[in-house]
Structures are given as C-alpha cells and as structure tokens.
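# Inside the fold
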Amino acid sequence: SGEAVCDLNGEWDALYENLGAFQWVGNIKDMLKITQQGGSFVGVKMIGSVYVPKDAVSIKGELDKNGIKNVRVVLNTFLEDIFDCKGGQISEDGNKIIIDGGERIRVTLTRK
C-alpha cells in the first residue's frame, strides 16, 4: 500500500560519526525528538552542538512499507550543509536506525 510500517515518534539517542575527510570533526552524541506524520519524519536536536544547535532540525526523511525511503542529515545549519544519504536501516523491533551517509557520515539512532 506504500504506507509507513514503523512509528518513529519519540526520543532517540543519536551518534553522528563523521567519516573520511570529516573525521577531524569527531563523533558527536546528542538526543533527537522525532515527530512522524504519515510517511514523513523530522528529528530535532534536544542538546545541540556548534554545528546544529538545540531545537534545530537534524534529520528529515520519508518512510514506506520497506523502511526508510530517503533521508537528509543537516550537518551544519549555519552553512546550510544538508547531506542526502543513501538510505537507512530500521531494526526489526523499530528501536534502532542506522543512516548511511556513505563516506561522509553515519548516524545511529537508538530509541530511549
């Protein structure tokens, strides 16, 4: 039917692993509040950093019956650096998500 099969609403621990040329930034831990409406979801930072402050959108994506259809990660709000990721994997129990940003970033979300 194309409808989303997972409810992502809630608070999530987030680990942003900066890869490749961006390793100098290091890994960043945060918490996200994800709000889902239908097949679309948005994750807002609850702690924030110098790159993406508290209450700013950190991830946006769409779900379908197969999981994450597409997802964008905000890497720096001030430089408007938004990265289209290859996709994401949702665990069978729906409590862990891994967003694959190729050689640039990987985001691991764990439901609180």
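Everything in this summary refers to the structure shown in the same document.

Quick notes on the rules
Residues numbered from 1 in each chain as written. Predicted model: local features only at pLDDT ≥ 70, side-chain atom pairs only at ≥ 80, totals over all residues. Heavy atoms only, no water. Salt bridge = Lys/Arg side-chain N within 4 Å of Asp/Glu carboxyl O. Helix = DSSP H or I, 4+ residues; strand = E, 2+ residues; numbered from the N terminus. Buried < 20%, exposed > 50% of the residue type's maximum accessible area, 1.4 Å probe, protein only. Phe/Tyr/Trp six-rings, centres within 6.5 Å; stacked < 30°, edge-to-face > 60°. Lys NZ or Arg CZ within 6 Å of the ring centre and 35° of its normal. Core = buried A, V, L, I, M, F, W, Y, C linked by side-chain atoms within 4.5 Å. Contact = heavy atoms within 4.5 Å. Pairing = 2+ DSSP bridges.

Glancing now at the pattern of salt bridges. Across all of its chains, the model carries 6 salt bridges by this definition. Of the charged contacts in the structure, one is a salt bridge between Asp13 and Lys112, with a shortest N-O distance of 3.3 Å. Of this pair, Asp13 sits in strand S1 (residues 10-18) while Lys112 is found in the segment after strand S9 (105-111), placing the two residues 99 residues apart along the sequence. By relative accessible area, Asp13 is classed as partly exposed at 32%. Where Glu62 meets Lys69, a salt bridge forms, and the shortest distance between an N and an O atom there is 3.9 Å.

Quick look at the packing of aromatic side chains now. Applying the stated rule across the entire model yields 0 aromatic pairs. Above the ring of Tyr16, the side-chain terminus of Lys45 is found at 4.4 Å from the ring centroid.

A word on unusual backbone geometry. Positive phi, normally seen in glycine, also occurs at Asp55, with a value near 70°. Tracing the sequence through the fold places Asp55 in the loop between strand S3 (40-45) and strand S4 (57-64). Within the chain, Glu80 stands out as a residue other than glycine whose phi angle is a positive 50°. With respect to the helices, strands and loops of the structure, Glu80 is situated in the loop between strand S5 (67-76) and strand S6 (81-85). Exposure remark for Glu80: the relative accessible area of 68% places this residue in the exposed category.

Counting 21 residues, the largest nonpolar core has Leu8, Tyr16, Ile34, Ile59, Val73, Ile99 and Leu109 as the members making the most contacts within it. Elements that contribute at least two residues to this core include exactly S1, strand S2 (28-37), S4, S5, strand S8 (96-101) and S9. No other element matches the 4 residues that S5 contributes to this core. Ignoring sequence-local partners within four residues, the contact set of Ile59 consists of Leu32, Ile34, Phe41, Val42, Gly43, Arg72, Val73, Ile99 and Leu109.

Turning next to the pairing of S4. Pairing of S3 with S4 involves 5 bridges; the strand directions are antiparallel. The partner of Ser40 across the bridge, within S4, is Glu62. When S4 meets S5, the two strands line up antiparallel, connected through 6 bridges. Residue pairing for S5: Glu62 is matched across the bridge by Asn70. Where S4 folds back onto S5 in an antiparallel hairpin, the turn is made up of 2 residues.

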